[in-house]
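# Commentary on secondary and tertiary structure
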Amino acid sequence: MQKNILHLDLDTFFVSCERLIDSRLQQLPLLVGGVGDRGVVAACSYETRVFGVHSGMSMKVARRLCPEAVVIKGDSSIYTKYSHLVTEIIKEKVPLFEKASVDEFYADLTGMDKFYGCYKYASELRQQIMKDSGLPISFGLSANKIVSKVATGEAKPNNQLKIDSGFEKSFLAPLSIRKIPSVGEKTYQTLRNLGVDKVAVVQQMPVEMMISALGANGRTIWKRANGIDNPPIIPFHERKSISTERTFTKDTIDVLQLRTTIFAMAESLAYQLRRGEKLAGTISVKIRYSDFNTYSKQIKIPYSSADHTIIPKVLELFDKLYQRRLLIRLVGVKISDIVTGNYQINLFDDTEEMLNLYNAMDNIRGRYGELSVMRASSMGAKTIGRFQNPFSGEPPILLAHRKH
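This structure is a prediction, so every number in the text was calculated from the model and none was measured. (Residues numbered from 1 in each chain as written. Predicted model: local features only at pLDDT ≥ 70, side-chain atom pairs only at ≥ 80, totals over all residues. Heavy atoms only, no water.)

## Observations concerning the UniProt feature "binding site: Mg(2+)" (unreviewed entry) in the protein
- Under the UniProt annotation, "binding site: Mg(2+)" (unreviewed entry) lies at Asp9 and Asp103. A stretch of 95 residues holds the annotated residues, and the largest C-alpha distance among them is 5.8 Å, short enough that they meet in one place.
- With respect to the helices and strands, the residue Asp9 is situated in strand 1 (residues 5-10).
- Judged by relative accessible area, which is 11%, Asp9 ranks as buried.
- Sequence-distant contacts of Asp9, defined by excluding residues within four places in its chain, comprise Asp103, Ile137, Ser138, Thr152 and Lys156.
- When you line up the elements, Asp103 lands in the loop between strand 5 (97-101) and strand 6 (104-108).
- A relative accessible area of 4% means that Asp103 is categorised as buried. (UniProt positions renumbered as here; feature names shortened; annotations may be inferred. Helix = DSSP H or I, 4+ residues; strand = E, 2+ residues; numbered from the N terminus. Buried < 20%, exposed > 50% of the residue type's maximum accessible area, 1.4 Å probe, protein only. Contact = heavy atoms within 4.5 Å.)

What follows is the structure, given as C-alpha cells:
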C-alpha cells in the first residue's frame, strides 16, 4: 500500500502565540527569547529574517541587526498550552501520529485515499487547527517523513504542499543540500568542499562516495536526497537523559553561588526521576569559562533517584572540574543512562526518616509545584526547576524552532 505521511509545522510558533495574546504585535518585527545580552533567540518573526536574524542567534547580535524589533522574554506555559490544544485536535482526527517537537507533528494517513482522499483530509485538518487555535500552520504530504518535512519548509509561511508518489526525487533535486534534515553546518561544509551544493549533485553520486566522505551518516543523507529514506512514525518519545543548564547574567567566580546553583540543579533532576519512576546510572557536570572553553566530567553510579546519592556526586564532580579559578559563564548538570524503576532501599545507608522526608517533599511538590519546597542549600537558586514532566512523552519545550 502506498504510504501517505503528513508533516505539520506551526509557523513561527512562539511568535504566533505572542501575537494571538497581543494583537498589537501583528506585523511588527518580533524576537522571543532571552532578553539580556547573553540571551538566545528562541523564535523570530518573518519581518526580522530579512535582516539576517534567525533562531539560535545571540540576542545581542539579533538586536544589532534589527534594532527596531520588539523583544519578548516569552512564557513556556503559554506555548505548552497551545501545543497541547493542537495536539488534542490531531489526536482526535488521526489514528497514528508523532509529536516531534512542541510545534511539529507527523501523521500517518496511509489508506485514507481509499475512503476520503489524503490531501483533502490534511487540508481540512489544517483548517480546523487554524480555526480552533488561531495559529498559522503549514503542512507537507508525501510518501515519507523526510520529503514531507522538506515540503513543509517549501510551503511556508502558512501554506501546504503535496508531493505525488514518484516525484520525490525531482522535487528535491533543485534544492540546497542544507534543506535535507541532518545536514548541519559541519556536514554542509564537508559537502561544499567536495563541490556539493544542490541535492541533485548527491543524487548523481554513488552511495559509496558519500559513505567514504561522511561515514554512516553519508548513507542516510544519500537516501534522503533520493527521497527513499523511510523512518517510522514514533508515537512516544522515551527520554534517555534529562539535563539543565544556567548561563549567568554576569560571569562569576563566587564558589558559593556556583555550588548553590549546581546543588539546586541536582535536586531538581533527582525529583524528576522519582516523579517519572525512573533511575539514572550516569551523572555529568559541565562548566564553561568566560573564555568559552568548556569542560565536563561524568561518573557512573549505582542506579538511583535519591538526593543523598545524586547531589554529593554532582558536587564532587564540580569540585574536580573547577580547577582554573577563572570566571565561569555557564554550569550544567545532566543525568543519563535512565531506566524505569523505583528507588531501592539501601539497608546500610538509608533510614526511615530519610525515606519519609522524600515522600513528604515529593507529595508537596506534586500538589503545589516543584518550587514549593526545597532544601536550604538550594534557596539561592529559586528559578531552577521544571514545569512539565520530562517523561510524559512530550518533546522538550526548548526544541521548538531549533536550527536544523
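Still more ground to cover, so stick around.
## Looking at the packing of helix 10 (residues 207-214) against helix 11 (residues 216-225)
- Across the interface, helix 10 lies against helix 11 with an axial gap of 6 Å and an inter-helix angle of 135°. Considered as vectors, helix 10 and helix 11 are oriented oblique to each other. Remark: the crossing between helix 10 and helix 11 carries right-handed chirality. For the pair helix 10 and helix 11, contact is made by Val207, Met210, Ile211 and Leu214 and by Ala216, Asn217, Gly218, Arg219, Ile221 and Trp222, respectively.
- Of the residues assigned to the contact of helix 10 with helix 11, the class counts are 7 nonpolar, 2 polar and 1 charged. (Axes fitted to C-alpha atoms, helices over the stretch in contact; angles between N-to-C directions. Parallel < 35°, antiparallel > 145°, perpendicular 65-115°, else oblique. Left-handed = near helix turned anticlockwise from the far one by under 90°. Nonpolar A, V, L, I, M, F, W, Y, C, P; charged D, E, K, R; others polar.)

## Digging into the environment of Ile301
- Positionally, Ile301 belongs in strand 11 (residues 294-304).
- As a C-alpha pair, Ile301 and Lys313 span 12 residues in sequence and 8.6 Å in three-dimensional space.
- Those residues in contact with Ile301, other than ones at most four positions away along the chain, are Ala280, Gly281, Thr282, Ile283, Thr309, Ile310 and Lys313.

## Some remarks on the pairing of strand 5
- With 5 of its 5 residues buried, strand 5 lies for the most part within the structure.
- Bridging between strand 5 and strand 6 involves 4 bridges; their strand directions are antiparallel. Counterpart to Phe97 in the pairing with strand 6 is Ala107.
- Counted along the chain from strand 5 to the antiparallel partner strand 6, the turn is 2 residues long. (Pairing = 2+ DSSP bridges.)

## Some remarks on the packing of helix 4 (residues 76-93) against helix 5 (residues 118-133)
- Interaxial distance between helix 4 and helix 5 falls to 10 Å at its minimum, and their mutual angle equals 145°. Read as a crossing pair, helix 4 and helix 5 show a hand that is right-handed. Here Tyr82, Leu85, Val86, Ile89, Ile90 and Lys93 of helix 4 lie close against helix 5, whose contacting residues are Tyr121, Leu125, Gln128, Ile129, Asp132 and Ser133.
- Of the residues in the contact of helix 4 with helix 5, the class split is 8 nonpolar, 2 polar and 2 charged.

## Quick word on helix 1 (residues 13-21)
- Summarising burial for helix 1: 7 of the 9 residues are buried, a large majority.
- Along helix 1, the residues classified as buried are Phe13, Phe14, Val15, Ser16, Cys17, Glu18 and Arg19.

## With respect to the pattern of salt bridges
- Going through the model one piece at a time under the given rule, you end up with 17 salt bridges.
- When the shortest N-O distance is used, the salt bridge between Asp319 and Arg259 registers 2.8 Å. Note that Asp319 is positioned in helix 13 (residues 307-321) and Arg259 in helix 12 (residues 255-275), a separation of 60 residues in sequence.
- Under the relative-accessibility criterion, Arg259 is labelled partly exposed at 29%.
- Close ionic contact of Arg274 with Asp307 constitutes a salt bridge, the shortest N to O distance being 2.9 Å. Here the residue Arg274 occupies a position in helix 12, and Asp307 occupies one in helix 13, the gap between them amounting to 33 residues. (Salt bridge = Lys/Arg side-chain N within 4 Å of Asp/Glu carboxyl O.)

## Regarding unusual backbone geometry
- A cis amide bond, omega 5°, links Lys156 with the succeeding residue Pro157.
- Considering the arrangement of structural elements, one finds Pro157 in the loop between helix 6 (145-155) and strand 8 (160-162).
- The phi dihedral of Asn158 is positive, around 50°, even though this residue is not glycine.
- Locating Asn158 in the fold gives a position in the loop between helix 6 and strand 8.
- Residue Asn158 is classed as partly exposed on the basis of its relative accessible area of 34%.

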